[in-house]
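# Architecture and fold: a report
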Amino acid sequence: MTTQPLAPEHFQIFDTTLRDGAQQEGLRLSVADKLRIARLLDGLGVAFIEGGWPGANPNDTAFFEAAKTELDLDNARLVAFGSTRKAGGSAASDALTQALVDAGTKYICIVAKSHDRHVTDALRTTLEENLAMVHDTVTHLVGLGKHVFVDCEHFFDGYRSNRDYALSVVRTAADAGAEVVVLCDTNGGMLPSQMADIVSSAAEMGVELGIHCHNDTGCAVANSIAAVEAGVSQVQGTMNGYGERTGNADLTSVIPNLQLKYGWPLVSDEQLASLSHVALAIADITNQAPHARQPYVGHSSFAHKAGLHASAIRVDPNLYQHVDPALVGNGMRMLISDMSGRANIQIKGEQLGLDLDDREVAAQVTDAVKAREALGYSYEAADASFELLVRDQLGILEFPFEITSWRASTEHRVGMAEANDTTSEATVRLVAAGETHSTAGEGNGPVDALDNALTRALAASYPQVKGFRLIDYRVRILETGASTDAITRTLIDFSDGERTWTTVGVGTNVIESSWEALTDAYLYGLVKDFGRS
């Protein structure tokens with residue numbers, strides 16, 4: 001039986017998003033991006049931020065130069081990453097080692113080979129020279145007043161290939177003055193039970209150890225926790241699990257696991273409550289889509305759909321939540337679908353500020369939702385359309401406008417050489433504030449034309465709609481028998497610059513479903529009085 005470890009006196013969270021995380025396919029960070037992310041990580045309260053490899057990468061060299069004058073850290077310490085000196089040389093004359101010194105950081109992390117075959121086949125040197133490279137580089141940097149960490153690359157595979165040699169690299173680094181020797185699962189192939197056994201063996205040497213896990217088995221976080229239980233005092237990882245191949249250990253899981261499950265005060269309560277915000281902000285900077293089902297910080301982490309769950313949550317949210325989502329800056333969401341029961345509807349109504357405590361009313365709304373879901377509607381992501389439906393069922397939905405007719409058409413002129421040989425036009429007739437308006441609009445496609453026409457028609461009575469913007473548009477074909485029998489569902493995201501809301505429409509074609517979602521979006525914005533200065 002595994003026992004919960006006692007918190008080390010100086011446990012460290014080491015973030016390598018800017019270095020190892022940046023090796024992810026499709027991820028490219030500018031110097032400005034790195035500075036922004038570093039400030040977010042500092043605010044989160046991590047102990048170390050690994051900024052990159054100066055000397056080996058021009059962008060990283062530029063980052064460390066910029067950091068000297070533009071990066072003021074309150075909590076974290078910036079770390080420069082590099083490698084041991086070249087075989088047959090000396091650290092004192094090695095150009096890349098000097099680049100680490102020139103980076104100007106107090107802390108340096110160097111990578112060293114700890115797998116015998118990587119030494120002989122990749123470095124093409126002897127096992128003894130590799131140990132000399134580790135010792136020489138560490139002692140040189142320590143002699144210059146630097147705090148040094150050593151990443152033992154491929155340690156776990158090396159341990160299984162040649163246990164004594166892998167451990168000798170760890171011992172050499174520690175004897176040379178490395179403050180932490182980090183055991184790296186570089187290929188990401190370990191499982192938690194294997195991790196615990198090997199780390200425990202290494203810990204018997206009495207050396208301060210760290211852990212660096214990749215996620216190729218899907219176990220990077222679990223392996224990191226297993227290593228902590230086996231005695232390491234530093235965990236390296238990346239925000240949102242970024243990294244090469246399948247990524248690195250995700251610090252958005254590691255940090256709350258250690259803080260909320262073990263009770264280790266790694267960061268302040270306020271910093272932990274910023275975790276979801278920091279994760280999303282970094283996803284935005286890196287231009288990576290957030291993972292909805294990411295533990296703790298994902299949009300779906302505390303989303304509930306089953307009616308049985310909702311009934312229990314009304315009694316006590318902790319019955320179906322392992323922690324209070326507010327602790328990590330997230331929130332509980334109640335999903336509405338044909339699986340929903342009355343409790344789902346009541347909780348969702350409470351979140352929207354609508355009174356559904358009356359069981360009969362709640363049951364009426366539930367039946368209406370299920371009937372519409374059977375027609376193809378989906379309210380899981382369309383909170384705005386759901387609120388309009390509830391208001392309608394409660395008899396409190398006001399209609400600031402009434403559509404009397406609409407039409408959209410697209411004309412393509414065959415043989416025209418111009419880029420604009422396809423034109424879309426739409427006309428909308430409606431009544432708003434007691435006045436009838438008939439307007440036309442053009443656009444890049446029929447939906448855009450309808451949006452422009454509807455905006456012009458409504459703006460005469462409600463000028464605030466000029467600030468409404470369609471920002472995302474998603475279409476799904478639900479049934480594809482004969483083409484005339486297809487059911488099309490459209491989800492539309494709108495924004496007024498401050499808030500975003502989502503509506504859903506269903507029809508026999510994409511224009512019909514889009515029109516319903518579009519009119520719902522304007523109706524919701526006006527009902528909520530959005531955009532008014």
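Residues numbered from 1 in each chain as written. Predicted model: local features only at pLDDT ≥ 70, side-chain atom pairs only at ≥ 80, totals over all residues. Heavy atoms only, no water.

Where an unreviewed UniProt entry is consulted, the chain appears under the name Citramalate synthase, with the organism given as Luteococcus sanguinis.

Secondary structure summary: the chain contains 18 helices and 16 strands in total. Counting across all 533 residues of the chain, residues that qualify as buried make up 52%. Within the chain, counting contacts between residues at least 6 apart in sequence, those at least 24 apart form 68% of the total. Carbon and sulfur atoms form 48% of the exposed surface of the chain, whose accessible area is close to 23800 Å². (Helix = DSSP H or I, 4+ residues; strand = E, 2+ residues; numbered from the N terminus. Buried < 20%, exposed > 50% of the residue type's maximum accessible area, 1.4 Å probe, protein only. Contact = heavy atoms within 4.5 Å. Areas by Shrake-Rupley, 256 points an atom, 1.4 Å probe, with all protein chains shown as cover.)

Turning next to the packing of helix α1 (residues 31-44) against helix α12 (residues 275-286). Where α1 meets α12, the axes come as close as 10 Å, and the angle between the chain directions of the two elements is 175°. The angle between α1 and α12 falls in the class roughly antiparallel. Of α12, the residues touching α1 (which contributes Asp33, Arg36, Ile37, Leu40, Leu41 and Leu44) are Leu275, His277, Val278, Ala281, Ile282, Ile285 and Thr286. Grouping the constituent residues of the contact of α1 with α12 by class yields 9 nonpolar, 2 polar and 2 charged. (Axes fitted to C-alpha atoms, helices over the stretch in contact; angles between N-to-C directions. Parallel < 35°, antiparallel > 145°, perpendicular 65-115°, else oblique. Nonpolar A, V, L, I, M, F, W, Y, C, P; charged D, E, K, R; others polar.)

Before going further, it helps to spend a moment on the packing of helix α17 (residues 446-459) against helix α18 (residues 510-527). The geometry of α17 relative to α18 is characterised by a closest axis approach of 10 Å and an angle of 30° between their N-to-C directions. In this structure, α17 crosses over α18, and the sense of that crossing is right-handed. Contacts between α17 and α18 pair Pro446, Val447, Leu450, Asp451, Leu454, Thr455 and Leu458 from the former with Ile511, Ser514, Trp515, Leu518, Thr519 and Tyr522 from the latter. Class assignment of the residues belonging to the contact of α17 with α18 gives a composition of 9 nonpolar, 3 polar and 1 charged. (Left-handed = near helix turned anticlockwise from the far one by under 90°.)

Here strand β1 (residues 12-15) shows no split at all, with Gln12 and Phe14 on one side and Ile13 and Asp15 on the other all buried. By the bridge criterion, 4 bridges tie β1 to strand β8 (residues 234-237) in an arrangement that is parallel. Looking across to β8, one finds that Phe14 is bridged to Gln236. (Pairing = 2+ DSSP bridges.)

As a further point, take the environment of His277. One can find His277 in helix α12. With 53 residues separating them along the chain, His277 and Asn330 place their C-alpha atoms 8.4 Å apart.

This next bit is on unusual backbone geometry. Positive phi, normally seen in glycine, also occurs at Arg124, with a value near 55°. One can find Arg124 in the loop between α4 (116-122) and α5 (127-143). The backbone of Asp529 sits at a positive phi, close to 60°, despite the residue not being glycine. Along the polypeptide, Asp529 turns up in the segment after α18.

Looking now at the sheet that holds strand β13 (residues 435-443). Spatial strand order, β11-β12-β13: 3 strands in an open sheet with antiparallel pairing. At either end of the open sheet lies a strand with only one pairing partner, and these are β11 (401-412) and β13. Going across the sheet, the axis of each strand differs from the next one's by a mean of 10°, ignoring polarity. Where strand β12 (residues 422-432) and β13 come together, 9 bridges link them in antiparallel fashion. Counterpart to Ser424 in the pairing with β13 is Gly443. Sheet strands in contact with α17 are β11, β12 and β13, and its direction is about 145° off that of β13.

Once that is clear, we can look at a nonpolar patch on the surface. Judged by side-chain polarity, Tyr473, Val475, Ile477 and Val510 come together as a nonpolar surface patch covering roughly 290 Å² of accessible area. Counting residues per element, the nonpolar patch draws most heavily on strand β14 (residues 469-479), which supplies 3 residues. (Patch = residues over 30% accessible without salt bridge, like charges linked within 9 Å, V, L, I, M, F, W, Y side chains within 5 Å. Salt bridge = Lys/Arg side-chain N within 4 Å of Asp/Glu carboxyl O.)

The next thing to look at is helix α16 (residues 383-394). Compared with an ideal rise of 1.5 Å per residue, which puts 12 residues at 16 Å, α16 spans 16 Å between its outermost C-alpha atoms and is within 8% of the ideal. Among the residues of α16, those classed as buried are Ala384, Ser385, Phe386, Glu387, Leu388, Leu389, Val390 and Arg391. Following α16 by one or two positions, Gly395 adopts a phi angle in the positive range, close to 75°. (Expected span 1.5 Å × (residues − 1).)

Bringing the side chain of Arg85 into the picture now. Tracing the chain through its elements places Arg85 in the loop between β3 (77-83) and α3 (95-102). On the accessibility criterion, Arg85 (5% relative accessible area) is buried. Polar contacts involving the side chain of Arg85 include one to the side chain of Asp136, which spans 2.7 Å. (Polar contact = N/O pair within 3.5 Å; in protein donor to acceptor, adjacent residues only side chain to side chain.)

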